[in-house]
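The residues making up each chain are set out below.
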Amino acid sequence: MLTSGGSFTRALRLWKPHVAIVGTFGSAKNVKSVAPKTKIIVLDQEGIRNPKNRHAIQIMAQPELVANVDLGLFWGEKIIQEFEEIAPHLDRSNLHVVGYPKLDLVKYLPERFKTSKNNQSLGVVCRFPNINPYNAQVLIRTLPNPDNVEKNIAQIQAFVAMIKVLRVILEKTEYKVSIRPHPQEQTDSYKEYIRLWFGNEKEDRISIDESIDFAAWAAAQRVLISPSSTSFLEAYILRIPVINLDSIATTFEYHRGYASVVAEWQEGCFLPKNMEELCGILEEEHSAFLPCTSIEKQLESYCDGNSKESACLRAARLTKKLILEDEHSFQIHWPKAFVDFLDGISFRRNMRKDPLYHNFNYRRGYHHIPPHFDEMADTILAESIIDGVT
């Protein structure tokens, strides 16, 4: 059962699954309090972190979190090495490297998407969840949080730079622009203010992408324009040039100082210092892709990028192994269909109260999964059969 923040606890309490998969160690603690007999898997949702906020440092501060987890699945060997260095006495027998699951969407993207590039479309990657949150909460709510002042200022600078750049592009070129908000942003605000930012006469050249699949969207763009973001790794594998706005936005040093991996992302991008340089890059008939040795190493150490296997398949095998080895005790529980029915009612009620509820709460049928995901899954499973492993 695929759930979200609004339905997860109810599904645990009523359906009582044998296994719950969560994205953080902190979430595992909540699972145990609701469903103590459920096995817990942490499929890490953020494998590249600020050095001050690494997994091992968090675990050392709250060692009880590990006790709640039956299986920890991480992107790359770098994370395991950090555990060895920072928490050498920690039992790591249930911690495994599976790769970065999101890269499966790039590796197994059907070829027809990779060859459908629109040379007249520029993709804009947004990264402004603090100043444009999915639930429209006001900025002052989280402003006092540690480091949020600097983070908000950087996002404001990057957003203003993005709007200025797009105005110049729309004025001086014939390109169309596809804007893709960050997953933790609301899309409604972009649609509401497009005319205000760019005028009515430019509206037909601008679109807001709300699809689930970043890879399919990115593959259709000639070039991506973005502040420093983890999406660079997906663009790099797809061999799509990225124009980084950090210098124009004066956020270059801020992002560079966040983590060494960000400095490497910057090195792998075009980094124009002004509008003239940026337009010069776009005027080239074919903006060159920039190979980068440091990015290749980063993909290997942080994402297990050289593995020929699907990260999702590796995670699925370990999940299946945990289920088969566990001696499940029978529990009286509500049928899945009934739990799903309650979820549907709850989702509709919450949508009536808050029209933005859908931005961060999944509901089967409301949020459509791209049809090619099934095609990609079939390809992954077919490879596993060829390799003789199921």
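In the block above lies the structure referred to throughout.
Keep in mind the model is a prediction, meaning the values are calculated, not measured.

Calculation rules
Residues numbered from 1 in each chain as written. Predicted model: local features only at pLDDT ≥ 70, side-chain atom pairs only at ≥ 80, totals over all residues. Heavy atoms only, no water. Helix = DSSP H or I, 4+ residues; strand = E, 2+ residues; numbered from the N terminus. Rg over C-alpha atoms; globule rule 2.2 N^0.38 Å. Contact = heavy atoms within 4.5 Å. Areas by Shrake-Rupley, 256 points an atom, 1.4 Å probe, with all protein chains shown as cover. Buried < 20%, exposed > 50% of the residue type's maximum accessible area, 1.4 Å probe, protein only. Pairing = 2+ DSSP bridges. Right-handed = clockwise from strand over helix to strand, strands pointing away. Axes fitted to C-alpha atoms, helices over the stretch in contact; angles between N-to-C directions. Parallel < 35°, antiparallel > 145°, perpendicular 65-115°, else oblique. Left-handed = near helix turned anticlockwise from the far one by under 90°. Nonpolar A, V, L, I, M, F, W, Y, C, P; charged D, E, K, R; others polar. Salt bridge = Lys/Arg side-chain N within 4 Å of Asp/Glu carboxyl O. Patch = residues over 30% accessible without salt bridge, like charges linked within 9 Å, V, L, I, M, F, W, Y side chains within 5 Å. Lys, Arg positive; Asp, Glu negative; His and termini not counted. Charge placed at Lys NZ, Arg CZ, Asp CG, Glu CD. Phe/Tyr/Trp six-rings, centres within 6.5 Å; stacked < 30°, edge-to-face > 60°.

Participant: Tell me what's going on with the overall build of the protein, and back it up with residues and numbers.
Facilitator: Within the protein one finds 18 helices and 9 strands. Over its C-alpha atoms the protein spans a radius of gyration of 22 Å, differing by no more than 12% from the 21 Å that the globule rule assigns to 390 residues. For the protein, the C-alpha atoms occupy an extent of roughly 65 × 50 × 50 Å along the three principal directions. For the protein, the share of sequence-separated contacts (at least 6 apart) that also reach a separation of at least 24 residues comes to 70%. Carbon and sulfur atoms make up 54% of the accessible area of the protein, which totals about 20,400 Å².

Participant: Help me get a handle on the pairing of strand β8 (residues 221-226), residues and values and all.
Facilitator: Burial analysis of β8 places 6 of its 6 residues in the buried class, which makes it a mostly covered element. Direction of pairing for strand β5 (residues 118-125) relative to β8: parallel, over a ladder of 4 bridges. Its bridge partner being in β8, valine 124 is matched across the sheet by isoleucine 225. One crossover worth recording links β8 to the parallel strand β9 (residues 242-244) by way of helix α11 (residues 231-237), and it is right-handed.

Participant: Can you tell me about the packing of helix α8 (residues 148-172) against helix α14 (residues 275-283), naming the residues and giving the values?
Facilitator: The geometry of α8 relative to α14 is characterised by a closest axis approach of 11 Å and an angle of 50° between their N-to-C directions. As summarised for this structure, α8 and α14 are arranged oblique, according to the angle between their axes. Taken as a pair, α8 and α14 cross one another with a handedness that is right-handed. Between α8, through Lys164, Val165, Val168 and Ile169, and α14, the contact on the second element is made entirely by Met275, Leu278, Cys279 and Leu282. Residues belonging to the contact of α8 with α14 are distributed by class as follows: 7 nonpolar, no polar and 1 charged.

Participant: An account of the pattern of salt bridges is needed here, citing residue identities and associated values.
Facilitator: Evaluation of the coordinates by the stated rule reveals 18 salt bridges. Of the charged contacts, one joins glutamate 210 and lysine 191 as a salt bridge, the two residues approaching to 3.3 Å between their closest N and O atoms. With glutamate 210 in the loop between β7 (206-208) and α10 (214-219) and lysine 191 in helix α9 (residues 188-198), the pair connects residues that are 19 residues apart, well separated along the chain. Among the residues examined, lysine 191 registers a relative accessible area of 44% and is labelled partly exposed. It is possible to trace a salt-bridge network through shared partners that takes in Arg10, Asp340, Asp343, Arg363 and Arg364.

Participant: A description of the pairing of β5 should follow, citing residues and the corresponding values.
Facilitator: Where β5 meets strand β6 (residues 176-180), 5 bridges bridge the pair, whose relative direction is parallel. In the sheet register, serine 121 faces β6, and the bridge partner there is lysine 176. The handedness of the β5 to β6 crossover, carried by α8, is right-handed.

Participant: Report on the packing of helix α1 (residues 8-15) against helix α17 (residues 336-353), specifying residues and quantitative values.
Facilitator: Running from N to C, α1 and α17 point in directions that differ by 155°, and their axes come no closer than 10 Å. As far as their axial angle goes, α17 and α1 are roughly antiparallel. Like other packed secondary-structure pairs, α1 and α17 cross with a definite hand, here right-handed. Facing α1, whose interface residues are Arg10, Ala11, Leu14 and Trp15, α17 presents Lys336, Val339, Leu342, Asp343 and Ser346. Residue classes in the contact of α1 with α17 are distributed as 5 nonpolar, 1 polar and 3 charged.

Participant: So, a positive patch on the surface: which residues are in play, and what are the values?
Facilitator: A surface patch of like charges, here positive, comprises Arg348, Arg349, Arg352 and Lys353. Topologically, arginine 349 is positioned in helix α17.

Participant: Lay out the sheet that holds β5 with the relevant residues and their values.
Facilitator: Reading across the sheet, the 5 strands line up as β7-β6-β5-β8-β9 and stay open at both edges, with parallel pairing between neighbours. The sheet terminates laterally at β7 and β9, the two strands that pair on one side only. Averaged over all pairs of adjacent strands, the angle between strand axes in this sheet comes to 25°, irrespective of strand direction. Contacts between α9 and the sheet are confined to β6 and β7, with β7 contributing the most and set at about 160° to the helix.

Participant: Break down the packing of aromatic side chains for me, citing the residues and quoting the values.
Facilitator: Think of a pair of aromatic rings as described by two things: how far the centres are apart, and how the planes are tilted against each other in angle. Tallied over the full model, the rule gives 14 aromatic pairs. Between phenylalanine 128 and phenylalanine 159, the ring centres sit 5.3 Å apart and the planes meet at 90°, which makes this aromatic pair edge-to-face. Of this pair, phenylalanine 128 sits in the loop between β5 and α8 while phenylalanine 159 sits in helix α8; the two residues are 31 residues apart in sequence, bridging distant segments of the chain. Note on tyrosine 134 and phenylalanine 360: the rings are 4.2 Å apart at their centroids and 20° apart in plane angle, and the pair reads as stacked. You can see tyrosine 134 sitting in the loop between β5 and α8 and its partner phenylalanine 360 sitting in the loop between α17 and α18 (372-386), a full 226 residues away along the chain.

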